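# A structural walkthrough
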Amino acid sequence: MFAKTLRRTLCGLWGFLVLLGAGAANAGFMDTLNLRPGVTEISNKVYDLHMIVFWICVVVCVAVFAVLIYSIMTHRKSKGAKPADFHESTTVEIIWTTIPFLVLVGMAIPATTTLLALEDTRDSDMSIQVTGYQWKWKYDYLDEDISFFSALTTPREQIYEAEEKGENYLVEVDNPIVVPINKKIRFLITSNDVIHSWWVPDLGWKQDAVPGFINDAWTELKEPGTYRGKCAELCGKDHGFMPIVLVAKTQEDYDAWVEEQKGAAAAAADAATQVLDMDELMAKGEAVYNTQCAACHQANGQGIPGVFPGIAGSAIATGDVAKHIDIGVNGVPGTAMQAFGEQLSAVDLAAVITYQRNAFGNDTGDLVQPADISAAK
Amino acid sequence: MSTATTHDEHHDHGAPSGLMRWVTTTNHKDIGTLYLWFAFTMLLIGGAMAMVIRAELFQPGMQVVDPNFFNTMTTMHGLIMVFGAIMPGMVGLANWQIPLMIGAPDMALPRMNNWSFWILPFAGTMLLSTLFMEGGGPAFGWTFYAPLSTTFAPASTDFFIFAIHMLGFSSIMGAINIIATVLNMRAPGMTLMKMPLFVWTWFITAFLLIAVMPVLAGAVTMMLTDRNFGTSFFDAAGGGDPVLFQHVFWFFGHPEVYIMILPAFGVISEIIPTFARKKLFGYSSMVYATASIAFLSFIVYAHHMFTTGMPVAGELYFMYATIMIAVPTAVKVFNWTATMWKGSMTFETPMLWAVAFVFLFTIGGFTGLMMGIAPADMQYHDTYFIVAHFHYVLVTGALFAIIAAFYYWAPKWTGHMVDERLGKIHFWWSVISVNVLFFPQHFIGLAGMPRRIPDYSLQFADWNMISSIGGFAFGLAQVFFIYVIIKTIRGGKAATDQVWEGAHGLEWTVPSPAPYHTFETAPEVR
């Protein structure tokens, strides 16, 4: 009986080892076994702490399991073991209450120093406000006049298996957050709608984005590079589709990037005065619709009944133009419909509203120009 | 004296027959059976939802469901398993066993017992019906954080709120019943410190339930008024605070996890001494450890909220308090080990499940300790690492204990021994597949995969596929369990009164199957 059980156990264990062996042959298994040390001083501290606590747990665990396994193997009726009759000992109880307590104190000391360093956001060199939206991030550089949205760029075709998946599947965005190295950067993290959580594992922490409140956190990067993360707090339908890409640049490259951003802002302001024709608006509008609107209102404009209203045949998209522009620019408070006036350029908004009024069987023939949007803002 | 002829109709009557027996029953054994069947049904429904989740996560990309339905599945899976499977499963065991173990003829409040069960199917049905409503069911996670669950939630959320209210009524009534039974119905001579440990753990759990279910009711009531009556408890725009919701929720939610695990500790503390043929080591320290865990559970809850922007002093306090729980938990594991030490062990199916519980719960306990370390939790929080952690304590912990309890007490309930061969197949199949299912989730969690996402970046593909394969195998093992249960009810080797060679306690002094009425005359406990 015992031999049979042992054989079965060994068999199962062997299966698991084979599995691990297969894993070792495949880098995909081995690269995703543990926390990454990350790229900052804090992330390294957190990693070291994790490894200390991990090894303490492993040692205690192995010790307890060894005693259990020895007992299971030897103290068997089938081996003629007779039950002993001890069943209490105050001394033993005191010993094995005290030892875990001391081990815990040993863990708490490094944990405390790391936590205090992690939470110390004083004396920062620059501040960036991070705002969570369903389902994208907005970055405001408080010391420069820079502000932009950052959303997923992985095409729907890749997600729905129509195309081969790219290398950075689900961790690629249109506008990454760019920061300089060797500067203590303070992040002020908040949200526009529900709770999100801003997490780049290589920085060593995550921080919740809570609507109506501002949390702070900090980092100081040493090496230029691209670091990827994800929203870590369930925030609705597309929670899995709002990645974070952080690009760290040297001070010179960062300064050049800042100049470029300011130039781009001026160009967008110029563009807001142009007049476009129907074809231009529809083409641009379709592109904007697919990246900004389709997540809720769906690619076919039908929406999801009971959750997100459709665009096709809706009273708003076929009714008063001014009302439609107002909703596009100012959103609908208390719902998932955001105020896109601050997210999209006047050109993009004009295009997408024109598109909504002339697609999905809506045929109002209305043309909305960037100037109409600027007037409503 | 029960043979007095003039009173035949009042004595020795068995169970009434037909459907109304189950609707109107006030018998603790019938109600225990109802609870256990309800829990098992919910386990299969919640398990089916888990299969949907694992199927979608089998490989990157969206193949099976849409993201909104995926969120509905993770939400409903959690709610159904916590409120529908584990809690009612434990109450079912309490109903069957507590009166038998303390020598009482029934629960103290039998009519309330009937009511507390019969609320459940209606609450469960209401909860499940949200799946078919316009806008879909709740899709905001089983922790239903505001404002995702208030302003941004589908219309069906109001049904979810009422379902939670009803489940809360049921739990509170069940808890009152257990406390009343334990305090008033013990056989003469059974002092509190002579009670079996399963009774002790349930007695303490009942106090936790009474303390925290009203808090949960408060949380959902605030949600209800925020959604429908213009209040702003959780809306910063109206002067409220979304994080307040988390404080209220976790003040319920942390004791809740001990509500699910303490009775499991009790079950294991019954099974191990029986099959080690040796008294439980450190009985009184086990009682004190259970009480300490229960007390500590109230003052550590905010370790679920280290990333919400708590002041650093708060983080330090909750970190220290949380890791303290490791002490009484370690004492329990040491006591089980010492009970087995120099015993005379045999490994019938219940013992196998109990030993697996000790090993695997310990792993879950250690990952819990790791997450108590606040700065490290900044990385672990909301990843698959925590998913692995709480499935180790709730599946290989609480669920394994309920299954162990079935194999241990089923002969007493049905009068038939469980087929050892089938039981062992079920055990080995489950214990291997459950580790293939959950162990790799530690890896992908540490490597950076957030929880509650329907699709993931490519580096997580390999382990997710392994995990899904384990998941399907574990799901199938529980379908096999149906066969084991039905076969045991229908027949099998007749069980003796004592059932197991090393079993001690009042429940083993009555015939197998236990007659419809037991201990009409109180036994004497020395």
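Note that the structure is a prediction, hence the values are computed from the model and not measured.

Rules and cut-offs
- Residues numbered from 1 in each chain as written.
- Chains lettered and ligands numbered in written order.
- Predicted model: local features only at pLDDT ≥ 70, side-chain atom pairs only at ≥ 80, totals over all residues.
- Helix = DSSP H or I, 4+ residues; strand = E, 2+ residues; numbered from the N terminus.
- Rg over C-alpha atoms; globule rule 2.2 N^0.38 Å.
- Buried ≥ 20, exposed ≤ 12 C-beta atoms within 10 Å, placed from the backbone.
- Contact = placed C-beta atoms within 7 Å.
- Pairing = 2+ DSSP bridges.
- Expected span 1.5 Å × (residues − 1).
- Bend = angle between axes of the 7 residues up to and from the residue.
- Core = buried A, V, L, I, M, F, W, Y, C linked by C-beta atoms within 7 Å.
- Nonpolar A, V, L, I, M, F, W, Y, C, P; charged D, E, K, R; others polar.
- Axes fitted to C-alpha atoms, helices over the stretch in contact; angles between N-to-C directions.
- Parallel < 35°, antiparallel > 145°, perpendicular 65-115°, else oblique.
- Left-handed = near helix turned anticlockwise from the far one by under 90°.
- pLDDT = per-residue confidence, 0-100.

## Let's talk about the overall build of chain A
When helices and strands are counted, chain A shows 11 helices and 10 strands. Relative to a compact globule of 377 residues, whose C-alpha radius of gyration would be 21 Å, chain A shows 29 Å and is clearly more extended. For chain A, the C-alpha atoms occupy an extent of roughly 95 × 50 × 40 Å along the three principal directions. Looking at chain A as a whole, 36% of its 377 residues are labelled buried. A separation of at least 24 residues holds for 64% of the contacts in chain A among residues at least 6 apart in sequence.

## As for the pairing of strand E6 (residues 196-200) of chain A
All names here are of chain A. The element E6 is largely enclosed, with a buried count of five among its five residues. The alternating pattern of E6 places His 196, Trp 198 and Val 200 on one face and Ser 197 and Trp 199 on the opposite face, and all of these are buried. With five bridges connecting them, E6 and strand E7 (residues 205-209) associate as antiparallel partners. Across the sheet, Trp 199 pairs through a bridge with Lys 206, a residue of E7. Count of turn residues in the E6/E7 antiparallel hairpin: four residues, of which Gly 204 carries a positive phi of about 95 degrees.

## Points about helix H6 (residues 197-228) of chain B
Here H6(B) spans 46 Å end to end across 32 residues, near enough to the 46 Å set by a 1.5 Å rise per residue. Positive backbone phi, approximately 75 degrees, marks Gly230(B), located one or two places after H6(B).

## Quick word on helix H13 (residues 384-414) of chain B
All names here are of chain B. Taken as a whole, H13 carries its principal kink of about 45 degrees at Tyr 408; the proline Pro 411 stands between one and four residues after it. Burial within H13 is extensive, with 29 of its 31 residues counted as buried. Following H13 by one or two positions, Gly 415 has its phi on the positive side, about 85 degrees.

## Observations concerning the pairing of strand E5 (residues 185-191) of chain A
Residue and element names in this part refer to chain A. Counting buried residues along E5, five of its seven residues qualify, which places the element largely inside the surrounding structure. Of the pairings in the sheet, the one linking E5 to strand E8 (residues 215-219) comprises five bridges and is antiparallel in character. Note that in E8 the partner of Phe 187 across the bridge is Ala 217.

## A closer look at the nonpolar core
All names here are of chain B. Of all hydrophobic cores here, the largest spans 263 residues; its most connected members are Ile 268, Phe 357 and Ala 404. With 23 residues, H13 is the single largest residue contributor to this core. Not counting residues within four places of it along the chain, the set of residues in contact with Ile 268 comprises Trp 336, Ala 354, Phe 357, Val 358 and Ala 401.

## Considering the interface of chain A and chain B
Taken residue by residue, the interface counts 86 residues in chain A and 91 residues in chain B. Elements represented by at least two residues in the side of chain A that touches chain B include exactly helix H1 (2-25), helix H2 (27-30), helix H3 (41-74), helix H4 (90-118) and E7 of chain A. No other element matches the 14 residues that H4(A) contributes to the side of chain A that touches chain B. Counted by class, the side of chain A that touches chain B contains 46 nonpolar, 23 polar and 17 charged residues.

## A short note on the packing of helix H4 (residues 110-129) of chain B against helix H5 (residues 157-184) of chain B
Residues and elements named next belong to chain B. Interaxial distance between H4 and H5 falls to 8 Å at its minimum, and their mutual angle equals 160 degrees. As summarised for this structure, H4 and H5 are arranged roughly antiparallel, according to the angle between their axes. Judged by the sense of rotation from one axis to the other, the crossing of H4 with H5 is left-handed. Each of Met 112, Asn 113, Trp 115, Ser 116, Ile 119, Leu 120, Phe 122, Ala 123, Met 126, Leu 127 and Ser 129 in H4 lies in contact with H5, whose residues at this interface are Phe 159, Phe 160, Phe 162, Ala 163, Met 166, Leu 167, Phe 169, Ser 170, Met 173, Gly 174 and Asn 177.

## What to know about the confidence of the model for chain B
Residues and elements named next belong to chain B. For chain B, per-residue confidence averages 94 on the pLDDT scale, and 97% of positions sit at 70 or higher. Within the model, the stretch residues 1-10 combines pLDDT values under 50 with two contacts to residues more than four positions away or in other chains. Note on the complex model: pTM 0.91, ipTM 0.92.

## Here's the deal with the environment of Asn290(A)
Residue and element names in this part refer to chain A. Here Asn 290 shows up in helix H7 (residues 278-297). On the neighbour-count criterion, Asn 290 (15 C-beta atoms within 10 Å) is partly exposed. Distance from Asn 290 to Ile 94, taken between C-alpha atoms, is 66 Å for residues 196 residues apart in sequence.

## What to know about unusual backbone geometry
Residue Ala146(B) is joined to Pro147(B) through a cis peptide bond whose omega torsion reads 0 degrees. Considering the arrangement of structural elements, one finds Pro147(B) in the loop between H4 and H5. Backbone geometry at Gln298(A) places phi at a positive 75 degrees, although glycine is not the residue there. You can see Gln298(A) is positioned in the loop between H7 and helix H8 (315-318). Residues other than glycine seldom take positive phi values, yet Lys342(B) does so here, at roughly 60 degrees. By the secondary structure assignment, Lys342(B) is in the loop between helix H10 (326-340) and helix H11 (349-372).

## With respect to the environment of Gly313(A)
Residues and elements named next belong to chain A. Relative to the elements of secondary structure, Gly 313 occurs in the loop between H7 and H8. Among the residues examined, Gly 313 registers 12 C-beta atoms within 10 Å and is labelled exposed. Note: C-alpha distance between Gly 313 and Ile 52 (261 residues apart in sequence) is 61 Å. If near-sequence neighbours (up to four positions away) are discounted, Gly 313 is found in contact with Thr 318, Gly 361 and Asn 362.

## Some words on the sheet that holds strand E1 (residues 126-133) of chain A
All names here are of chain A. On the basis of which strands lie adjacent, the open sheet formed by five strands has the order E3-E2-E1-E5-E8 and mixed pairing. Looking at the sheet topology across the chains shown, the edges are occupied by strand E3 (146-150) and E8. Each strand axis lies, on average, 25 degrees off the axis of its neighbour in the sheet, ignoring direction. One ladder, built from six bridges, connects E1 with strand E2 (residues 136-141); its direction is antiparallel. Each residue of the ladder has a partner; that of Val 130, found in E2, is Tyr 139.

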